[in-house]
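Report on the structure
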Amino acid sequence: MNEVLIYAVGSLGAIGIVAAIILYFVAQKFKVYEDPRIDEVEEVLPSANCGGCGYAGCRAFAEGLVKAGNMEGFNCPVGGADVMQQVAGILGLVADVTEPMIAVIRCNGSFANSPKKVQYDGISTCASASVLYAGDGGCSFGCLGEGDCVAACDFDAIHMNPETGLPEVNNKCIACGACVEACPRDIIELRNVGKKERRIFVSCVNEEKGAPAKKNCAVACIGCSKCFNVCPFDAIEMKNNRAYIDYEKCKLCRKCVDVCPTNAIHEINFPVRKLIVKEEKEKAKKDTSAAEAKEAVSTKTVVSKNTNEVNKTEES
Amino acid sequence: MQTFKLGGVHPPENKLSAESVIETLAIPKQVIVPVGQQLGAPATPVVNRGDEVKVGQLIAKASGFISANIHSPVSGKVFKIDNVYDASGFRRPSIIINVEGDEWLDTIDRSDDIDAEIKLNQKEIVNKLNEMGIVGLGGATFPSYVKLMIPDGKKVDYLIINGVECEPYLTSDHRLMMEKGEEMLIGATILMKGLNTDKAMVGIENNKPDAIEHLKKLATKYKGISIHPLKVKYPQGGEKQLIKALTGREVPSGKLPLEVGCVVNNVGTAFAVYEAVQKNKPLFERVVTVTGKSIKKPSNFMVRVGTPVKDLIEAANGLPEDTGKIISGGPMMGKAVLNAGIPVVKGTSGILLMPENEAKRAEPNTCIRCGKCVSVCPMGLEPFLISKSAKLAKFDVVEKEMVMDCIECGSCSYTCPSNIPLLDYIRLGKNKVGQIIRNRNQK
Amino acid sequence: MSLLSISASPHVHGDNSVKKIMWGVVIAMVPAMLVSIYYFGLDAVRVTLIAVAASLFFEWLFQKILIKGPDTYMDGSAVITGVLLAFNVPSNLPWWIIVIGALVAIGMGKMSFGGLGKNVFNPALVGRVFLLVSFPVQMTSWPKASPITDGIADAITGPTPLGIVKEGLDAGLTIEQVMAQVPSFMQQFIGGVGGSLGEVSALALLLGGFYMLWKKIITWEIPVSILLTVLVFSGIFWLIDPTHYVNPLFHLLTGGMMLGAIFMATDMVSSPMSRNGQLVFGVGIGLITVVIRMWGAYPEGMSFAILLMNGVTPLLNNAFKPKRFGRN
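Residues numbered from 1 in each chain as written. Chains lettered and ligands numbered in written order. Predicted model: local features only at pLDDT ≥ 70, side-chain atom pairs only at ≥ 80, totals over all residues. Heavy atoms only, no water.

Quick notes on the sheet that holds strand S1 (residues 22-24) of chain B
All names here are of chain B. What counts is decided by this rule: Paired strands, as defined in this entry, are two strands with at least two bridges between them according to DSSP. In this description a helix means any DSSP run of H or I spanning at least four residues, a strand means any run of E spanning at least two, and both kinds are numbered starting from the N terminus. Between N-to-C directions, angles cover 0 to 180 degrees, with each direction set by a line fitted to C-alpha atoms, over the stretch in contact for helices.
The strand order across the open sheet formed by 6 strands is S1-S14-S13-S17-S15-S16, and the pairing between neighbours is mixed. In this open sheet, the two strands that pair with only one neighbour each are S1 and strand S16 (335-337). Between one strand axis and the next, the sheet turns by 30° as a mean value, whatever way the strands run. Pairing between strand S15 (residues 323-328) and S16: 3 bridges, direction antiparallel. Across the sheet, the residue bridging to Ile327 is Ala336, located in S16.

Next comes the structure, spelled out in structure tokens:
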């Protein structure tokens, strides 16, 4: 009995040792040399593998970075400046200081502002709806509300608001750009978060002339150029019947917000007091539209402006 | 009875207006003429605000090889040239004319006598069709003169005239064959001359026995034209299916019918060719069917292009209360329209008013892998696989499954027991794969 | 008037629906159900009702707690699984075994894959094979089939014709001697032979099959290819050595052959999508069944053959694509 045991253990043990030795030498022979810094860099990356940096995953980003030898064009939006500093430390380089960005929804064509004129009965994807028809509010540039942007987000940062029919971005957004890609109407744009998280943008991408644009949506940009005329920093560009605010040049003075006749320009995270003054100005202003519509626009717009993006003070 | 073998479905025919004689619709007070009524480039306006125009006058010129001239359907004054909503809600450049009287250009022969003598030669016919803005009236609106330009080395064995009208509800082609049959056959003869061929086959579905009879009698006078009754099956009127049914030849994937020696034209196009060549009349009016289960008077109207659709509905005794969808075209391949203010264009074959209970799509269920979609696809594709792959964004699989062969006939969605909107996803896949292929070819 | 709706074409839909298909299959199974009640009396009713009720219950339960979707038990597919499970078991099976069978069939064979349309294997067969392997004694003692008009039957059990032939051949008897012990072909065709509930009458099953073909619920490829393959394959052996191999007609009429070919193998979810794939599927089932019957340990091979070919179905789907238009 003991003999059998000894023979069994001995022979199996011998086979095991021989196999281990063979494997060790084979592993050494076929070893691929990899710069050990790639592992170190990968270690500090967030492992989200989201592709926001433009590379196929965190490992690929680390490989590209080590191979390039410099930090130009490399930015991990999820990790942000902290992670890029750490990576710079490992590689002995200097990190670029990049401005944090956030996705911005440039449409305010909610159910209230752009009432439904037809009932959509097709599949729930914007890609299909955008080819099929203009949109249930009538504006052929506005948000279709089927949520391709929501589906594209890996960070739980964008959600559809069922009351307005528009998507809303919260501060989990790390500006990876997936929603920008997904939107077939190019409504979403990555803009800088801004000092104290304040930013101003034109919430309309409509390229129609003023009259038909306004007919479909009460808060459309009608291309009147009032904002362009009043901007002291030359930050506004008029193109294709609409205004565009360059976020690099904008100094957040808010003069454009005050003069916009349709409230198409939105200011985010500014103190509330300014809005009440705005409301009074609205009432005093002579408008071509009927008194009721004006009232509806000013109250509705105050509501919709604040619901478009979550304020800093609110819980995320 | 001849038909195509692969796939096909049998939707209920509902040819409610088959007996309604064509009525000429009253000219509206204002017409909206879009400049992009054809496949290819939109035409360029050659009139300005305030210009006086007569019926048949050129108001927009073809702006490229694949484009067509547009002629005024009314006489009056150009009100403005502006963007106007089309069927899908997009704004397209159009010429808006306020109507005054009904004065035609005196170069147009307005008589009704049938003129069978073809005085133009082949080249002149091609130029005439281009000049008169003739496009395919089967729905695709492809400029007809381009179809007649046969490249060297290719020969046309058969001209095929499509009198099939396989879409349910539509009867404009049927009535045209009954009432303008001889003119249409002369148009076919002109096309034969233009294509340099001596054989033409007219395909007509078996649910139009009166048209078959009538044309068979007339065709004895015209050399080379034979009338062929076909079994009723959708999509018998699809170009490739029609060629297969009549000649047994299969158009290879990605190629035109010319590859197998055939050119297909709709009966409406043949009639327009007759009017263009023999009467010097450009294309500015066509037969449009107004139909639907709730409509009081399903009718066929001869309508000037640019007439708002609501005028046609009024003439058919008004919009039914329970209308859920307004469809331009037939129920299988037509386009749902956002409102009735849009104008009739060269490609409008019918207006279908669908009641709400039929218009609402049922809730889709899970795929039970019954394979019915595969058995009805006339192109031999696997709709369930293409649809699922497109939904999951696996566009390499979608391309491998030959989605570019899909003719978007809708048989798959029609037959699916689980009400899955197969064609919606297939179209998504087709658009994306088309983009991918274009990007690949550009590199 | 409410808003107009807009969608892409087509704007009409045919009258196909899942409910129509499922209930059509149930109607096709009615002749066989009636025959089973005629020959096995109230026991047949008992087994069928328990199987159907248990299947419906488990479908509702798993849909609620596992898949968490809307209720699906009303679409008729659970009823079909229940009836088919009942058809595959003897009429004297204890109720708790039937319930276990339904649990395995619905829970493991269908819901664990995700529900209707997602299962790889035929759920009723998964249940049946599980029961066969776990409760071999109860699953292989069939009561003698006697018409209820003869009065309530005594609890006499006996082997099926297939069982008789297998044992006889193993014991060294010749075909002639063995065939003398089994019912005639005509009886096998009409019914009245021992077996599971649904197996007994080829005629009733064929009636159901023709009904389904007429209503376009199944296509002819699978049943015909199975039966033809069995005929040809077993026929070759019978012609070579009629003393040791049984008449091919016997193979066609006994056991689960008709039931399997018409109702089980044609289950849409687990069978191939293209016509050519279906033909190969049928040939495979026929071959495997005959091999098991002739040389395997079990007298009946149909269930195993169908389950094996169900596993091959995805490969068949990849290999056999429909004939494309304009690409040859």
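Right, picking up where we left off after that structure.
Notes on the packing of helix H2 (residues 36-44) of chain A against helix H3 (residues 58-68) of chain A
Residues and elements named next belong to chain A. Stated formally: An angle below 35 degrees is read as roughly parallel, one above 145 as roughly antiparallel, one from 65 to 115 as roughly perpendicular, and any other as oblique. Note on convention: near helix rotated counterclockwise from far helix by under a right angle means a left-handed crossing. Clockwise means right-handed. By the convention used here, residues are in contact when the closest approach between their heavy atoms is within 4.5 Å. Under the scheme applied here, ten amino acids are nonpolar (Ala, Val, Leu, Ile, Met, Phe, Trp, Tyr, Cys and Pro), four are charged (Asp, Glu, Lys and Arg), and all others, including Gly, are polar.
One way to put it is that H2 packs onto H3 with a least axis distance of 9 Å and a crossing angle of 130°. What the angle tells us is that H2 and H3 run oblique. Where H2 crosses over H3, the handedness of that crossing is right-handed. Judged by residue contacts, Arg37, Ile38, Asp39, Val41 and Glu42 of H2 engage Arg59, Ala62, Glu63, Leu65 and Val66 from H3. Considered class by class, the residues forming the contact of H2 with H3 number 5 nonpolar, no polar and 5 charged.

Quick notes on the interface of chain B and chain C
Applied cut-off: Here a salt bridge means any side-chain nitrogen of Lys or Arg lying within 4 Å of a carboxyl oxygen belonging to Asp or Glu. Contacts described as polar in this section are N or O atom pairs within 3.5 Å, which, within protein, must combine one atom able to donate a hydrogen with one able to accept it, while residues neighboring in sequence count only if both atoms come from side chains.
Contacts between the two partners involve 60 residues from chain B and, on the opposite side, 33 residues from chain C. On inspection of chain B and its partner chain C, the count reaches 5 salt bridges. Inspection of the chain B/chain C interface yields 25 residue pairs in polar contact (both at pLDDT 80 or more). Of all elements in the fold, only helix H6 (239-247), S15, S16, helix H9 (356-359), helix H10 (372-376), helix H11 (383-391), helix H13 (411-415) and helix H14 (422-442) of chain B reach the threshold of two or more residues within the side of chain B that touches chain C. With 5 residues, S15(B) is the single largest residue contributor to the side of chain B that touches chain C. The residue inventory of the side of chain B that touches chain C, partitioned by class, reads 29 nonpolar, 15 polar and 16 charged.

A closer look at the nonpolar core
As a reminder, the rule being used: To define a nonpolar core, start from buried Ala, Val, Leu, Ile, Met, Phe, Trp, Tyr and Cys residues and group those joined through side-chain atoms within 4.5 Å. The classification of residues rests on relative accessible area computed with a 1.4 Å probe and restricted to protein chains. Under 20% of the type maximum is buried, over 50% is exposed, and intermediate values are partly exposed. In this entry, domain limits derive from an automatic or database-based domain assignment.
Formed by 74 residues in total, the largest nonpolar core has its most connected members in C:Met29, C:Leu84, C:Phe87, C:Met212, C:Ile226, C:Phe263 and C:Ile285. Element by element, the count of residues in this core is highest for helix H1 (residues 18-40) of chain C, at 12 residues. Counting only domains with at least three residues in this core, you end up with domain 1 (18-139) and domain 2 (160-319) of chain C. Listed in part, the 45 residues of the second largest apolar core include B:Val156, B:Met184, B:Val202 and B:Ala211.

Regarding unusual backbone geometry
Each neighbour pair has its own omega, and for B:Tyr234 with B:Pro235 the value is 0°, a cis peptide bond. On the secondary structure map, B:Pro235 appears in the loop between strand S11 (225-230) and H6. At the junction of C:Ser9 and C:Pro10, the peptide bond is cis and its omega measures out at -5° in the coordinates. Residue placement: C:Pro10 occurs in the loop between strand S1 (5-6) and H1. The phi dihedral of B:Thr141 is positive, around 50°, even though this residue is not glycine. Mapping B:Thr141 onto the fold places it in the loop between helix H1 (122-131) and helix H2 (144-147). Assessed through its relative accessible area of 7%, B:Thr141 is described here as buried. The phi angle at B:Asn280 is positive, at roughly 55°, despite the residue not being glycine. You can see B:Asn280 is positioned in the loop between helix H7 (267-279) and strand S13 (285-291).

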